[in-house]
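Fold and geometry: a report
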Amino acid sequence: MHDDANLGLDLGLLKGIGGVRLPEERVLDVPPRLDALDDSDGALEELGQRAMSQEYDPQAFASLRRLQILDHHRNGSISDRASLSVCNVTWNVAGLAPTPASVLEALGPSPAVLPDLVIFGVQEAVELSSREVLLTDNSASVLWRGLLESALVSWGEASDGKGSSSPKRGSVELAPARPSPPVFAFKRSSSQPSLRGMSVRGMELQAERCPYVLVGSTQLVGIILTVWARRDHSAHCAEVRSATIGTGALGFLGNKGAAAIRLRCYHTSLVFVCVHLNANKSAPEARNTEYKTIEAKLAFTVPRSTALTLTSSLSAVRDAPKGAREITLRLRHHDVVVWLGDLNYRLALPTAEVTVANVRTLIQHGNLRPLLAADQLQAAQRAGKAFEGYSEAPITFSPTYKYDWNSTAYDSSDKKRSPAWTDRVLWLETTPPGELHRVTPVDYGRREVLTSDHRPVFATLKVAISVESADKKAKLHKALDQWELSRIPTVSIHPRELKFGFLQPAVAHAVSAHAVFNVAVAEKTLSVRLTNLGQTIAFFSFRTKPGRTSPFPDWLTVTPEAGSLNPGASLSVSFCAGSSSPLSEPDPVSTPSFVPSSQLSGHALPRLPSPPALGKSSSGGGFSYLRRSSTGKVQTAAALASLAVGTKLSSLLAPGNSPPPKGDGPNNGKDNGPPKLHPDAMEEVLVLTLENGGDYFLPVSVTFLRPDYYTVMSDFRC
């Protein structure tokens, strides 16, 4: 084991951001915890094991790194909790034509601070005739979008841009209480108004003035749902999908049913369901069944990568077929689900306290408690038959159905339908154990618009969402960088430079087809120690430079040229510099072949100390040095063979011998002088490279002392 300081991971930093899935000690055979990551086909677990194995795998680490970031997004360790204000409005317009004034009034007075999201759901936007049910006309949806945009422009102008530029941290700022809005009444009309009077440029200008952006819109016959986000939030609303499901005639037609939109807002998934259920007042079980049908069948298809981004949708990935690229998300796979619409639940009368005759009297006196006790929806929730687990803000307003047209009076027709809270807003949240509730109701009420037999209902909710923290994300990336650096192969090299110095030659044999030659051979070996400092196996080799066929020059031999080092292990690499020069002219017919020193019948080449002065001998000698004949011909093999292997070339430089003139050759019958040693400097920079690691540069230098009579025969590998 190695201590954490050697590992280089700031464990305190990791704990401060929720803990990266890293081992706290350098245990090479323990993979990271992957229980929070999706791995339906086993591939990700394999990547994780490869990333933590003794061989560094950058591809596996990159994949695991991405999943680590996703995991921290899901568990909220790199996010801050922020408040999102969501205004939900539902209105059954009974097939009536909307007007700008009625839409604005249904939306409500402009708040002091604009809500972050506005959800507007409409039921019976068209008359539910057979033609409309079978052939949905989307012109109603276009009309409602234009009128809502105009109403939101009025909101923005009235608030004078007082909306905040980002979600508020902590608690939201509540709008001050306002007086009751005025009552509007309009005549029933079978014709729908249009936006034809507005030019295209006028519509563009209206869109530019609107403080909101339309995020999504969907329609099922007369059910229309639109989702609007304030401009400063619209860029953070992504992965928008819509879906519809009919539960009406024949069990599937769209005169009843639901239209839904799901999206990711920052790092929280939201889904809004606009619904219109069975209207039979004495058939609560039919409504319960329709709820269950919608809950079970309403679905959104998203890419697998999208489903992996949030904890709430991970179970959908696990439930999907193996290797599926598209994932089906149900309502339960979202952080927050909001239902709004005409649920059509009535009052179960009579009860011990309430009769059909005294319902209106109780409403007039504001005595709503006994009426709520008879509410079919709350009874279904208590019995676990519908909307189990859903929440609703306390109802403090009068029943919203059924009114006479353009009147404040409840149904005065012969049927005298009993008032009821048919129009509702409910929500469901997935809150991890130990966390605070995600949704808090701020306001729940109704608007006094008289054009329909229903009153619009609104619910303002404060929704806690996860917003990415730049500071926490930077800390996570720093921790992951440190982890990856600890896994990247790294070695130490000692020494970092090789200096062979001056290499003085000694005599050795060379042979050709016609003669035996004596040559001057120089060689020296130095070594470099490699030590693996990392946590993974270091695979090393030397890089071949462009234009070459070998990583090494001809005069250098390296052993080994490649290899591997386990963590903490060391290895000695030897570098041998060698060169040979002839002491006589080469055979004119065939080039002599050099016999390496290792093959010279066991003769060791003597190493000469550096001379006091180049060309001066440090010791005498009676050996008569080699001379060429005055004819310039090659001497006989017998004469050349008389030279002994290992003869020091310094003996050829005895005092009194003068060096030969330049341009040596036949010289009027005179013999040439003795060979003189001249320095020949060689420099090279070797590149030692680690697989999936870095490069290390190793400078190598040597100076060969060569006889100047003849050119170099060959540099050689030792």
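Residues numbered from 1 in each chain as written. Predicted model: local features only at pLDDT ≥ 70, side-chain atom pairs only at ≥ 80, totals over all residues. Heavy atoms only, no water.

**Structural notes on the overall build of the protein chain**
What counts here: Comment: elements are numbered from the N terminus, with helices defined as DSSP H or I runs of at least four residues and strands as E runs of at least two. Type-normalised accessible area, obtained with a 1.4 Å probe on protein chains alone, sets the label of each residue: buried when under 20%, exposed when over 50%, and partly exposed for intermediate values. By the convention used here, residues are in contact when the closest approach between their heavy atoms is within 4.5 Å.
For the protein chain, the count of helices and strands is 17 helices and 26 strands. When each of the 718 residues of the protein chain is scored for burial, the buried share is 50%. The contacts of the protein chain with a sequence gap of at least 6 include a subset with a gap of at least 24, amounting to 74%.

**Some details on the pairing of strand E8 (residues 268–276)**
Here is the rule we go by: Here, strands pair whenever DSSP counts at least two bridges between them.
Counted residue by residue, E8 has 9 buried out of 9 residues, so it is predominantly covered. Counting the residues in the hairpin turn of strand E7 (residues 257–265) and E8 gives 2 residues, including Tyr266, whose phi is positive at 55 degrees. Pairing analysis gives 7 bridges linking E8 to strand E11 (residues 336–342), with the strands arranged parallel. Its bridge partner lying in E11, Val275 is registered against Gly341.

**Here we look at the sheet that holds E11**
Either a parallel or an antiparallel arrangement is found when strands of a sheet pair, and the pairing is made through backbone hydrogen bonds. Let me state the cut-off plainly: A fitted line through C-alpha atoms represents every axis, and for helices the fit uses only the stretch in contact; the resulting angles, taken between N-to-C directions, go from 0 to 180 degrees.
Spatial strand order, E6-E7-E8-E11-E12: 5 strands in an open sheet with mixed pairing. The open sheet terminates on both sides in strands that have one partner only, identified here as strand E6 (237–246) and strand E12 (423–429). Within the sheet, the average angular offset between the axes of one strand and its neighbour, ignoring direction, is 15 degrees. Pairing of E11 with E12 involves 7 bridges; the strand directions are antiparallel. Looking at E12, one finds that Gly341 is bridged to Arg424.

**A closer look at the environment of Leu84**
Mapped onto the fold, Leu84 is located in strand E1 (residues 79–92). When the C-alpha atoms of Leu84 and Ile465 are compared, they prove to be 6.7 Å apart, with 381 residues separating the residues in sequence. For Leu84, the residues in contact, after removing those within four places along its chain, are Asp116, Leu117, Cys265, Leu270, Leu461, Lys462, Val463 and Ile465.

**A look at the packing of aromatic side chains**
Which entries qualify depends on this criterion: Side-chain rings of Phe, Tyr and Trp, where Trp is taken by its six-membered ring, are said to pair if the distance between their centres is within 6.5 Å; with planes under 30 degrees apart they count as stacked, over 60 as edge-to-face, and otherwise as tilted.
Under the counting rule described, the total for this entry stands at 13 aromatic pairs. A centroid spacing of 6.3 Å and a plane angle of 90 degrees characterise the contact between Trp91 and Trp144, whose relative ring orientation is edge-to-face. One end of the pair, Trp91, is in strand E1; the other, Trp144, is in helix H7 (residues 139–159), with 53 residues separating them in the sequence. Assessed through its relative accessible area of 1%, Trp144 is described here as buried. Judged by centre distance (5.2 Å) and plane angle (90 degrees), the ring pair of Phe397 and Tyr444 falls under edge-to-face. Placement of the pair is Phe397 in the loop between helix H15 (376–382) and E12 and Tyr444 in strand E13 (residues 439–446), with a sequence separation of 47 residues. Of the two residues, Phe397 and Tyr444, both sit in the buried class. An aromatic cluster is built from Tyr291, Trp339, Phe387 and Tyr390, whose rings are joined through pairwise contacts.

**Focus on the state of the cysteines**
Threshold: Any two cysteine sulfur atoms lying within 2.5 Å of each other are counted as a disulfide.
Counting across every chain of the model gives 0 disulfides. Distance from the sulfur of Cys265, which forms no disulfide, to the nearest cysteine sulfur (Cys237) is 3.9 Å.

**Concerning the confidence of the model for the protein chain**
The condition is simple: Confidence of the predictor in every single residue is expressed as pLDDT, which spans 0 to 100.
Here the protein chain averages 76 in pLDDT, and 68% of its residues register 70 or above. With pLDDT under 50 throughout, residues 169–196 is counted as low confidence; its partners more than four residues away or in other chains account for 60 contacts.

**Digging into the packing of helix H4 (residues 58–75) against helix H16 (residues 470–487)**
Test applied: Oblique is the label for every angle not falling under 35 degrees (roughly parallel), over 145 degrees (roughly antiparallel), or within 65 to 115 degrees (roughly perpendicular). Two helices that cross are described as forming a left-handed crossing if the nearer one is turned anticlockwise from the farther one by less than a right angle, and a right-handed crossing if clockwise. Three classes are used: nonpolar for Ala, Val, Leu, Ile, Met, Phe, Trp, Tyr, Cys and Pro, charged for Asp, Glu, Lys and Arg, and polar for all others, with Gly counted as polar.
Remark: H4 packs on H16, axes separated minimally by 11 Å, with the N-to-C direction vectors making an angle of 155 degrees. One way to sum up the angle between H4 and H16 is to call them roughly antiparallel. In this structure, H4 crosses over H16, and the sense of that crossing is right-handed. Along the contact surface, H4 presents Phe61, Leu64, Arg65, Gln68, Ile69 and His72, while H16 presents Leu476, His477, Leu480, Asp481, Trp483 and Glu484. In terms of residue class, the contact of H4 with H16 is made up of 6 nonpolar, 3 polar and 3 charged.

**Thoughts on the side chain of Asp342**
So the rule is basically this: His is not counted, nor are the chain ends, whereas Lys and Arg count as positive and Asp and Glu as negative. One side-chain nitrogen of Lys or Arg within 4 Å of one carboxyl oxygen of Asp or Glu is enough to make a salt bridge. Counted as a polar contact is a pair of N or O atoms within 3.5 Å, where, for protein atoms, one must be capable of donating a hydrogen and the other of accepting one, and residues adjacent in sequence contribute only when both atoms are in side chains.
Within the secondary structure layout, Asp342 lies in strand E11. This buried residue, Asp342, is left without a salt bridge; Arg346 holds the nearest opposite charge, at 6.3 Å. Of the polar contacts made by the side chain of Asp342, one reaches the side chain of Asn92; its length is 2.9 Å. When sequence neighbours within four positions are dropped, the list of residues in contact with Asp342 reads Thr90, Asn92, Gln123, Val275, His276, Leu277, Thr422, Asp423 and His454.

**Brief notes about the nonpolar core**
Worth spelling out the cut-off: Buried residues of nine kinds, namely Ala, Val, Leu, Ile, Met, Phe, Trp, Tyr and Cys, make up a nonpolar core once their side-chain atoms join them within 4.5 Å.
Formed by 78 residues in total, the largest nonpolar core has its most connected members in Phe120, Trp144, Leu270, Phe272, Leu371 and Val463. When residues in this core are grouped by element, the largest group, 9 residues, is from H7. Beyond its immediate stretch of four places on either side in the chain, Trp144 contacts Trp91, Val93, Pro98, Val103, Phe120, Val122, Ala125 and Ile224. Formed by 28 residues, the second largest nonpolar core is a distinct cluster that contains Val528, Leu530, Leu556 and Phe704.

**Some thoughts on unusual backbone geometry**
Going from Tyr401 to Lys402, the amide bond is cis rather than trans, its omega being 0 degrees. Turning to its location among the elements, Lys402 is positioned in the loop between H15 and E12. Residue Pro560 is reached from Thr559 by a cis peptide bond, and omega for that bond is -5 degrees. Checked against the element boundaries, Pro560 lands in the loop between strand E20 (556–559) and strand E21 (562–565). Non-glycine residue Asn344 carries a positive phi angle of around 65 degrees.

**Here's the deal with the packing of helix H5 (residues 100–107) against H7**
Close contact between H5 and H7 brings their axes to 9 Å; oriented N to C, the two are set at 60 degrees. Seen from above, H5 lies across H7 with right-handed handedness. The residues of H7 that touch H5, namely those facing Pro100, Val103, Leu104 and Leu107, are Trp144, Leu147, Leu148, Ala151, Leu152, Ser154 and Trp155.

**Quick look at H16**
Applied cut-off: In this scheme, a helix's expected span is set at 1.5 Å multiplied by one less than its residue total.
Here H16 contains 18 residues, and its C-alpha end-to-end distance of 26 Å stays within 8% of the 26 Å for a straight helix at 1.5 Å per residue. For H16, the complete set of buried residues consists of Leu476, Ala479, Leu480, Gln482, Trp483, Glu484, Ser486 and Arg487.

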